[in-house]
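Summary of the model geometry
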Amino acid sequence: MSSDPERPPKLVDDRLAVALSHETRECALALCAIRPTSTKEVADALGIEVNTAWHHVDKLRELGCLEEVDTRRRGGATERFYVSTSAFYFDSDAWSALPRPQRLATTMKVLRLIAGDVDEAVRADTVAATDRHLSRTVIDLDDEGQKEAYAVLAEALERLLAVRESCVARRDAAGGGTTRASFALMQFDLPSQRDAEV
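Residues numbered from 1 in each chain as written. Predicted model: local features only at pLDDT ≥ 70, side-chain atom pairs only at ≥ 80, totals over all residues. Heavy atoms only, no water.

Looking now at the overall build of the protein. A tally of regular secondary structure across the protein gives 8 helices and 3 strands. Burial statistics for the protein: of 198 residues in total, 23% are counted as buried. Considering only contacts within the protein whose residues lie at least 6 apart along the sequence, 60% involve residues at least 24 apart. About 14100 Å² of surface is accessible on the protein, with carbon and sulfur atoms providing 54% of the total. (Helix = DSSP H or I, 4+ residues; strand = E, 2+ residues; numbered from the N terminus. Buried < 20%, exposed > 50% of the residue type's maximum accessible area, 1.4 Å probe, protein only. Contact = heavy atoms within 4.5 Å. Areas by Shrake-Rupley, 256 points an atom, 1.4 Å probe, with all protein chains shown as cover.)

In the contact formed by helix α2 (residues 23-34) and helix α4 (residues 50-63), the axes pass within 9 Å of each other and the chain directions differ by 70 degrees. Classified by the angle their axes make, α2 and α4 are roughly perpendicular. By crossing handedness, the relation of α2 to α4 is classed as right-handed. Note on element contacts: α4 touches α2 through H56, V57, K59 and L60, opposite T24, R25, A28 and L29. Here the contact of α2 with α4 is composed, by residue class, of 4 nonpolar, 2 polar and 2 charged. (Axes fitted to C-alpha atoms, helices over the stretch in contact; angles between N-to-C directions. Parallel < 35°, antiparallel > 145°, perpendicular 65-115°, else oblique. Left-handed = near helix turned anticlockwise from the far one by under 90°. Nonpolar A, V, L, I, M, F, W, Y, C, P; charged D, E, K, R; others polar.)

Confidence in the prediction of the protein, expressed as mean pLDDT, is 79, and 81% of residues score 70 or more. The weakest mean pLDDT in the protein belongs to helix α8 (residues 193-197) at 54; the strongest belongs to α4 at 91. This model gives residues 1-12 a pLDDT under 50, and the stretch forms 19 contacts once residues within four places in sequence are excluded. (pLDDT = per-residue confidence, 0-100.)

Turning to the side chain of D117, a few remarks are in order. Of note, D117 is situated in helix α6 (residues 100-124). A relative accessible area of 18% means that D117 is categorised as buried. Those residues in contact with D117 that sit more than four places away from it in its chain are I34 and S182.

With that out of the way, let us pick up the pattern of salt bridges. Tallied over the full model, the rule gives 7 salt bridges. Among the salt bridges present, the one from E68 reaches R80, with a minimum N-O distance of 3.2 Å. With E68 in strand β2 (residues 66-74) and R80 in strand β3 (residues 77-84), the pair connects residues that are 12 residues apart, well separated along the chain. For R80, a relative accessible area of 39% puts it in the partly exposed group. As a salt-bridge pair, E79 and R74 come within 2.4 Å of each other at their nearest N and O atoms. For E79, a relative accessible area of 11% puts it in the buried group. (Salt bridge = Lys/Arg side-chain N within 4 Å of Asp/Glu carboxyl O.)

A cluster of nonpolar side chains, namely L104, M108, L111, V138, M186, F188 and L190, defines an oily patch on the protein surface of about 660 Å² accessible area. Position of L104 relative to the elements: it lies in helix α6. (Patch = residues over 30% accessible without salt bridge, like charges linked within 9 Å, V, L, I, M, F, W, Y side chains within 5 Å.)

Pairing in this open sheet of 3 strands is antiparallel, and the strands run β1-β3-β2 from one edge to the other. For this open sheet the edge positions go to β1 (37-38) and β2, each flanked by a neighbour on one side alone. Contacting β1, β2 and β3, α2 crosses the sheet at an angle of about 85 degrees to β3. (Pairing = 2+ DSSP bridges.)

The terminal C-alpha atoms of α2, which comprises 12 residues, lie 17 Å apart, in line with the 16 Å expected from a rise of 1.5 Å per residue. When you tally the buried positions in α2, you get 9 out of 12 residues, the bulk of the element. If you check which residues of α2 are buried, you get T24, R25, E26, C27, A28, L29, A30, L31 and C32. (Expected span 1.5 Å × (residues − 1).)

This part takes up the nonpolar core. Core analysis: the largest hydrophobic core is formed by 12 residues, namely A28, L29, L31, C32, V42, A43, A53, V57, L60, C65, L66 and Y82. Secondary-structure elements contributing two or more residues to this core are α2, α3 (39-46) and α4. Ranked by residue count, the leading element in this core is α2, at 4 residues. (Core = buried A, V, L, I, M, F, W, Y, C linked by side-chain atoms within 4.5 Å.)

Our focus in this paragraph is the pairing of β3. The side chains of a regular strand alternate, first on one face of the sheet and then on the other. The pairing of β1 with β3 spans 2 bridges and is antiparallel. Each residue of the ladder has a partner; that of S38, found in β3, is F81. Where β2 meets β3, 8 bridges bridge the pair, whose relative direction is antiparallel. Its bridge partner lying in β3, E68 is registered against Y82. Here β2 hands over to β3 after 2 residues, with G75 in that stretch at a positive phi of 65 degrees.

Printed below as a string of structure tokens:
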């Protein structure tokens with residue numbers, strides 16, 4: 001986390017600068033960051049033609065932001081599935097440099113994806129499994145606590161991405177199945193009790 005005024009804010013991964021310059025690519029990358037996703041699934045999620053989705057998915061693949069992880073035969077065609085190879089997040093300087101409307105739009109896109117995952121899990125009746133984590137914690141944070149909490153969430157994300165890499169390596173080495181799981185790390189400020197009562 002640098003606040004050096006001479007250093008321009010940047011994304012954690014420079015490839016994201018190009019990937020996120022188009023809304024369709026941004027959404028496709030977000031979908032592929034959550035789970036292996038096909039071009040058809042991207043098209044369906046965004047309500048666009050498959051050829052249009054393919055153009056943007058292929059651009060992300062050329063940039064090295066996506067990698068193919070699976071293929072499935074659907075009728076006479078082969079459906080290819082991709083995952084994100086880039087960490088889909090901004091460092092604090094880059095996030096602060098975004099105009100507020102873009103920060104809000106990006107936040108709402110991620111929240112819609114999370115809501116979609118919850119809906120999918122409810123419909124599949126997997127939300128009440130005994131080996132899953134669910135928590136909600138409200139904490140009063142001072143300035144130092146804000147920094148400490150941010151560091152905890154950033155470390156948790158890095159460790160989850162390392163787990164993903166280990167799973168990919170094991171699957172490539174030995175085959176075997178996997179279970180899709182969605183992880184949502186969020187922190188946002190609530191109005192104070194005094195503000196809420198006014």
